[in-house]
Amino acid sequence: MGQYTASQRKNVRILLVGDAGVGKTSLILSLVSEEYPEEVPPRAEEITIPANVTPEQVPTNIVDFSSVEQSDEALAAEINKAHVVCIVYAVDDDDSLDRITSHWLPLVRSTCSSSSSSTNTDGEPDVARKPIVLVGNKIDLIEYSTIDSVLAIMEDYPEIESCVECSAKTLHNISEMFYYAQKAVLHPTSPLYIMEEQNLTPACKKSLVRIFKICDIDSDNLLNDYELNLFQRRCFNTPLQPQILDEVKSVIQKNVPDGIYNDAVTLQGFLFLHCLFIQRGRNETTWAVLRRFGYNDQLEMCKEYLRPALKIPPGSSTELSHRGQQFLIALFERYDRDGDGALSPEEHKMLFSTCPSPPWSYSTDIRKSCPTNNSGWVTLHGWLCRWTLMTLIDVVKTMEYLAYLGFNVHENDSQLVAIHVTRERRIDLAKRQSSRSVYKCHVIGPKGSGKTGLCRGFLIDDMSKLLGKEFKTNVVHCINSVQVYGQEKHLILRDIDVRHALDPLQPQEVNCDVACLVYDSSNPRSFEYVARIYIKYFAESKIPVMIVGTKCDLEERRQDYLMQPAEFCEKYKLLPPHLFSLKTNKKELYTKLATMAAFPRFQAAWILFYKHRYLRQFGLMTEDPKVWLKAGLGVAAATVLGFIVLKAISATGTHSR
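Residues numbered from 1 in each chain as written. Predicted model: local features only at pLDDT ≥ 70, side-chain atom pairs only at ≥ 80, totals over all residues. Heavy atoms only, no water.

Visitor: Any chance you could explain the environment of leucine 328 here in plain terms?
Guide: Note that leucine 328 resides in helix 12 (residues 322-335). Considered as a pair, leucine 328 and leucine 402 are 74 residues apart in the sequence and their alpha carbons are 8.8 Å apart. For leucine 328, the residues in contact, after removing those within four places along its chain, are Leu320, Trp383, Leu384, Trp387 and Leu402. (Helix = DSSP H or I, 4+ residues; strand = E, 2+ residues; numbered from the N terminus. Contact = heavy atoms within 4.5 Å.)

Here it is as structure tokens:
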């Protein structure tokens, strides 16, 4: 489940301090024995209360301090280790009450401030404002209350979470006292509420605004009854009774004029409701909501919530699962307000308003990396393509943004179910077919060869529109889908920028599912670069390689290299060079690349097939190339799957200019 609650804390450590004789030790002993001790030692030993007997189901350590037995240094150490400090005073002793502000509160504050870079017993950093509970003991001795005096102190010290009067002798409010201490740690007020302003903190408001937007399923800036009930079930695992819902709306209506609109709760009403919870001491309600949506005690998104552990074996890749795709489709349709099948810049901005920032730049990344409409707005197809790209190259970022967008809440599970980890590549090779649906192709070539145009042409139907365009950009990936034997596959083209053939390629620039080495067929010095790259990095690898001659609409020039491209390909058992032009070519190149990536073990058979088809085209042989194809595969290797695969390739077109 994607839910994070206070119970994940390892323990709560409570420290009791106060002047001698106020009854600190008696309070602890009365809690444990459930009776008032006749003889009280100078100091009680540290006590651990098991989780199953505490209201919050968290183990609790209670620590007593004695100025008689312990030093000031020991006190400072205990303050730093404690999660909450209970300052005990005697309600019948005005001096002990005065000492709260003259000694104890300044001491706790200064001790924490001087040690704010240290860590406590949970390995968490101590903060300057340690939660504090004021405890008035011996209430059985007086017939009046000191609470009014204590409330005045609370206004000056925001770290004071609560105050309680009790009696160790009569056991009055003893268990409540320790409950308030636990609550000060597990459901603190200070991150949520500013006492002086009687309002939510900016961080709390920001978090609740995100939660409101995620729960606003129809994006009308209102929470209707259905959305409120869904919110209630997600956070508290119980439906909201109609009578309670009406009462909640009535309270909001009376206090916030614009809190209810068309019988639905507005954002202002939603924020007021949580402000009211806190004012009435029900911090745990707001914290339950915040933790359900991934927030920690500092109102930051939990790392475990954003980035759940995902095991990816070597040679495996990451893709969107069906559930991940369905969530993203629903999200797209939800924010496509005008129903035009594309996200305008404003709709795109609104969609990612629950995130710290969009995961990509709309003006550059979207338009240059995935399919868009004529206005440059991302379509549903392009939207899924862009997420598919991010999932393959940066799956952690995908999981983070799915969390920001509310996948954990809507799907009631962690983002792991939105990710599919493919089987290892070595298994694909052994089975002679790939189970993947996303393949990565590295496009490598010298400057001016047209490789960037080749990549960009993958995104649009009329590639001639790219002629004469300037391609300078930091966007190096292009993604689109292609049909491979009736199945939709995604192909990612990565534009590898290497200025000179002698410049080294990094392993991550070489490793891919298929390599596309590009040279300018009209430039006699272009092919040498491609040849050197192939010999240095790919000749001994198992990566399928296709050599592409671009600008084939121009006059083809003889290459200044010891072999011409066709000879080179024949020598190294590669497919004949594919001639490509933005002006005249269709999409067959991209289908071939995806096919080679999906079936890397059949490259030798492809070569034989295309060689014989080439000879037949010029009348040098009369046999059907499929006969030669089957002969090339060999009787033992000519499986049914292999024949179907290679037969399908014959429909991809010719290589003539």
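Visitor: I keep staring at the state of the cysteines and nothing clicks. Help me out?
Guide: Under the defined criterion, the tally for this structure stands at zero disulfides. Not part of a disulfide, cysteine 166 finds its nearest cysteine sulfur in cysteine 86, a span of 9.3 Å. (Disulfide = S-S within 2.5 Å.)

Visitor: Where do I start with helix 21 (residues 527-538) in this structure?
Guide: Residues three or four positions apart in an α-helix share a direction because the helix packs 3.6 residues into each turn. For helix 21, built from 12 residues, the straight-helix expectation of 16 Å at 1.5 Å per residue is met to within 8% by its first-to-last C-alpha distance of 15 Å. Three or more residues of helix 21 are buried, namely Phe527, Tyr529, Val530, Ala531, Ile533, Tyr534, Tyr537 and Phe538. Here the buried face of helix 21 lies against strand 15 (438-444), helix 20 (507-510), strand 18 (514-520), strand 19 (545-550) and helix 22 (565-571). (Expected span 1.5 Å × (residues − 1). Buried < 20%, exposed > 50% of the residue type's maximum accessible area, 1.4 Å probe, protein only.)

Visitor: Whenever I open this one, the sheet that holds strand 5 (residues 132-137) confuses me. Can you help?
Guide: Sheet strands pair by backbone hydrogen bonding; their relative direction is either parallel or antiparallel. Strand order in the open sheet formed by six strands is 2-3-1-4-5-6, with mixed pairing between adjacent strands. At either margin of the open sheet sits one strand with a lone partner, and together these are strand 2 (47-49) and strand 6 (160-165). Put simply, the sheet's adjacent strands are angled 20° from each other on average, direction ignored. For strand 1 (residues 12-18) and strand 4 (residues 84-90), the ladder comprises five bridges, and the chain directions are parallel. Across the sheet, residue glycine 18 finds its bridge partner in strand 4, namely valine 88. Sitting on the sheet, helix 1 (residues 24-33) is in contact with strand 1, strand 2, strand 3 (60-64), strand 4 and strand 5, with an inclination near 145° to strand 3. (Pairing = 2+ DSSP bridges. Axes fitted to C-alpha atoms, helices over the stretch in contact; angles between N-to-C directions.)

Visitor: When you look at the pairing of strand 5 in this model, what are you seeing that I'm missing?
Guide: Consecutive residues of a regular strand have side chains that alternate between opposite faces of the sheet. Counted residue by residue, strand 5 has six buried out of six residues, so it is predominantly covered. Of the two faces of strand 5, the one holding Ile132, Leu134 and Gly136 and the one holding Val133, Val135 and Asn137 are both buried throughout. Strand direction decides the pairing type here: strand 5 and strand 6, joined by five bridges, are parallel. Bridged to leucine 134 within strand 6 is cysteine 163. Crossover handedness for the path strand 5 to helix 4 (residues 147-156) to strand 6: right-handed. (Right-handed = clockwise from strand over helix to strand, strands pointing away.)

Visitor: What am I meant to see in the side chain of threonine 146 here?
Guide: Position of threonine 146 relative to the elements: it lies in the loop between strand 5 and helix 4. With relative accessibility at 6%, the residue threonine 146 sits in the buried group. In this structure the side chain of threonine 146 is engaged in a polar contact, spanning 2.7 Å, whose partner is the side chain of tyrosine 89. A polar contact of 2.6 Å, which involves the side chain of threonine 146, links it to the side chain of glutamate 165. With residues up to four places along the chain from it excluded, the contact list for threonine 146 reads Tyr89, Val91 and Glu165. (Polar contact = N/O pair within 3.5 Å; in protein donor to acceptor, adjacent residues only side chain to side chain.)

Visitor: I tried to follow the nonpolar core on my own but got confused; where do I start?
Guide: Across soluble globular proteins, you tend to see nonpolar side chains buried next to one another. Counting 71 residues, the largest nonpolar core has Ile211, Phe293, Phe352, Trp383 and Trp387 as its most contacted members. With eight residues, helix 9 (residues 267-279) is the largest single contributor of residues to this core. Counting residues in each nonpolar core, the second largest holds 28 residues, with Cys455, Leu491, Leu582 and Met596 among its members. (Core = buried A, V, L, I, M, F, W, Y, C linked by side-chain atoms within 4.5 Å.)

Visitor: Explain unusual backbone geometry to me, please; I cannot follow it from the model alone.
Guide: Peptide bonds are trans in most cases, and residues, glycine excluded, mostly fall at negative phi. Of note, the phi angle at glutamine 198 is positive, near 55°, even though the residue is not glycine. Checked against the element boundaries, glutamine 198 lands in the loop between strand 7 (193-194) and strand 8 (199-200). Note on glutamine 198: relative accessible area 47%, which makes it partly exposed. The residue asparagine 221 is not glycine, and still its phi comes out positive at about 65°.

Visitor: What exactly am I supposed to notice about the sheet that holds strand 16 (residues 477-484) here?
Guide: One open sheet accounts for six strands, arranged 16-17-15-18-19-20; its pairing is mixed. Sheet topology places strand 16 and strand 20 (578-579) at the edges, where each strand pairs with a single neighbour. The pairing of strand 15 with strand 17 (residues 487-496) spans seven bridges and is parallel. Residue pairing for strand 17: isoleucine 444 is matched across the bridge by isoleucine 496. Lying on the sheet, helix 15 (residues 380-393) is in contact with strand 15, strand 16 and strand 17; it crosses strand 16 at an angle near 110°.

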